[in-house]
Amino acid sequence: MKEILFEGSACALVTPFKPDTKDVDLSKSEELCEFQIRNGTQALVVCGTTGEAATLTYEERCACIRIAVETASKKIPVIAGTGSNNTETAVRLSNEAEKEGVDGLLIVTPFYNKASQDGIIAHYEYIAQRVSVPIIVYNVPSRTGVDIKPQTYAQLSKIRKIVGIKEANGNISSVAETMAVCKENIAIYSGNDDQIIPIMALGGKGVISVAANVIPRTMRSLVDLCRNENYKRAAVLQKEITPLEKALFADVNPIPVKELMSLCGFCENTVRLPLTKCNKSLRDLLSAFVPIIPKMY
């Protein structure tokens, strides 16, 4: 098997914004990174979906990545989201992230264009030939409109720079088939917090988690239980956190997690258009979790 970027629980970090200007709050970003490292998170993923990368400028992306790299200081890997539906833009973003010192890249499938499976392969081959750090392929068809098929993964797994998959298609049968055809050539991570156990039971290496923004220690514990094949205890823990996970996806990510982080005092609940703050009913639902969050760090 190729050398992988990490095993365990990675946090898909939010990007904190200042409430008045909606500028990136870099000092708060540093605090969030430090919080994750203190509480056992095993990799930081910046400028991804949860980080609202779609509305960050190039300069803001670089600044967020730089803060994460400097804060992590090689204690844990930093992985930067650098995907685009423009292949050349993805290369440019990836090269900029490399200059900032990231350990790896998270590259989403080209969205909107609706590339064919051959087009997806060509997209990743082109990028892989022009970067120097490992790549995790990010498959999230609910957002991109395309789904990577197991046989396509088999081809992607032959590319030396492609070492992992963040799988968020929600299809466990597809994950099992991907495991079968790729064998040990690629690491698979759950891209959905509620599918950690089945994916790791099939041989997955961990999760890239939204919930870890507020409960990093709990997500680490869940993954550790799976890594130790203690699925009975893992199932108990998964059921305990299911109501929270459901609430965190009751609106478009990262709207709910930013609301909960604000309620818990982590950062301001500020998102950029076209995202908007959650409604009162969801805010009330999330408020019910505030007393238990400190116990679940």
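Structure: see above.
About the criteria used
Residues numbered from 1 in each chain as written. Predicted model: local features only at pLDDT ≥ 70, side-chain atom pairs only at ≥ 80, totals over all residues. Heavy atoms only, no water. Helix = DSSP H or I, 4+ residues; strand = E, 2+ residues; numbered from the N terminus. Rg over C-alpha atoms; globule rule 2.2 N^0.38 Å. Buried < 20%, exposed > 50% of the residue type's maximum accessible area, 1.4 Å probe, protein only. Lys, Arg positive; Asp, Glu negative; His and termini not counted. Charge placed at Lys NZ, Arg CZ, Asp CG, Glu CD. Expected span 1.5 Å × (residues − 1). Arc of directions from axis to C-beta. Disulfide = S-S within 2.5 Å. Phe/Tyr/Trp six-rings, centres within 6.5 Å; stacked < 30°, edge-to-face > 60°. Lys NZ or Arg CZ within 6 Å of the ring centre and 35° of its normal. Core = buried A, V, L, I, M, F, W, Y, C linked by side-chain atoms within 4.5 Å.

Student: What should I look at first to understand the overall build of the chain in this one?
Tutor: Each helix and strand counted, the chain has 13 helices and 8 strands in total. Taking 297 residues into account, the globule formula puts the C-alpha radius of gyration at 19 Å, and the chain, at 18 Å, falls close to it. By its C-alpha atoms, the chain is 45 × 45 × 35 Å across when sized along the principal axes. For the chain, the residues scored as buried account for 57% of the 297 residues in total. Placing the 34 positive and 33 negative side-chain charges of the chain at their respective mean positions leaves the two points 2 Å apart.

Student: I tried to follow helix α1 (residues 26–38) on my own but got confused; where do I start?
Tutor: Look at α1: 18 Å from first C-alpha to last across 13 residues, which is about the 18 Å you get at 1.5 Å a residue. Of all the positions in α1, only Ser 29, Leu 32, Cys 33, Phe 35 and Gln 36 are classed as buried. Down the axis of α1, the smallest arc covering the buried residues is 160°, so these residues share one side. Remark: Gly 40 follows α1 within two positions and exhibits a positive phi of approximately 90°.

Student: Explain the state of the cysteines here, please?
Tutor: A disulfide bridge is the covalent bond that connects two cysteines by way of their sulfur atoms. Following the criterion strictly, the structure yields 0 disulfides and no others. Free of any disulfide, Cys 226 has its nearest neighbouring cysteine sulfur in Cys 11, separated by 18 Å. Accessibility expressed as a relative area gives 2% for Cys 226, which makes it buried. There is no disulfide at Cys 278, and the cysteine sulfur nearest it, in Cys 264, is 13 Å away.

Student: Can you help me understand the packing of aromatic side chains in this one?
Tutor: What describes a pair of aromatic rings is the distance from one ring centre to the other and the angle between the planes of the rings. Taken as a whole, this structure holds 2 aromatic pairs when the rule is applied. Plain terms: the ring middles of Phe 35 and Phe 266 are 5.0 Å apart, the flat faces sit at 55° to each other, and that makes the pair tilted. Linking Phe 35 in helix α1 with Phe 266 in the loop between α11 (255–263) and α12 (280–287), this pair joins segments that are 231 residues apart in sequence. Positioned over the ring face of Tyr 138 is Lys 166, at 4.1 Å from the centre of the ring.

Student: Would you explain the nonpolar core in this entry?
Tutor: When a protein is soluble and globular, its nonpolar side chains tend to lie buried together. Grouped together as the largest cluster of nonpolar side chains are 81 residues, with contacts concentrated most on Val 102, Leu 156 and Ile 215. No other element matches the 6 residues that helix α10 (residues 231–248) contributes to this core. Counting 18 residues, the second-largest nonpolar core is a separate cluster that includes Phe 6, Leu 106, Val 108 and Tyr 189.

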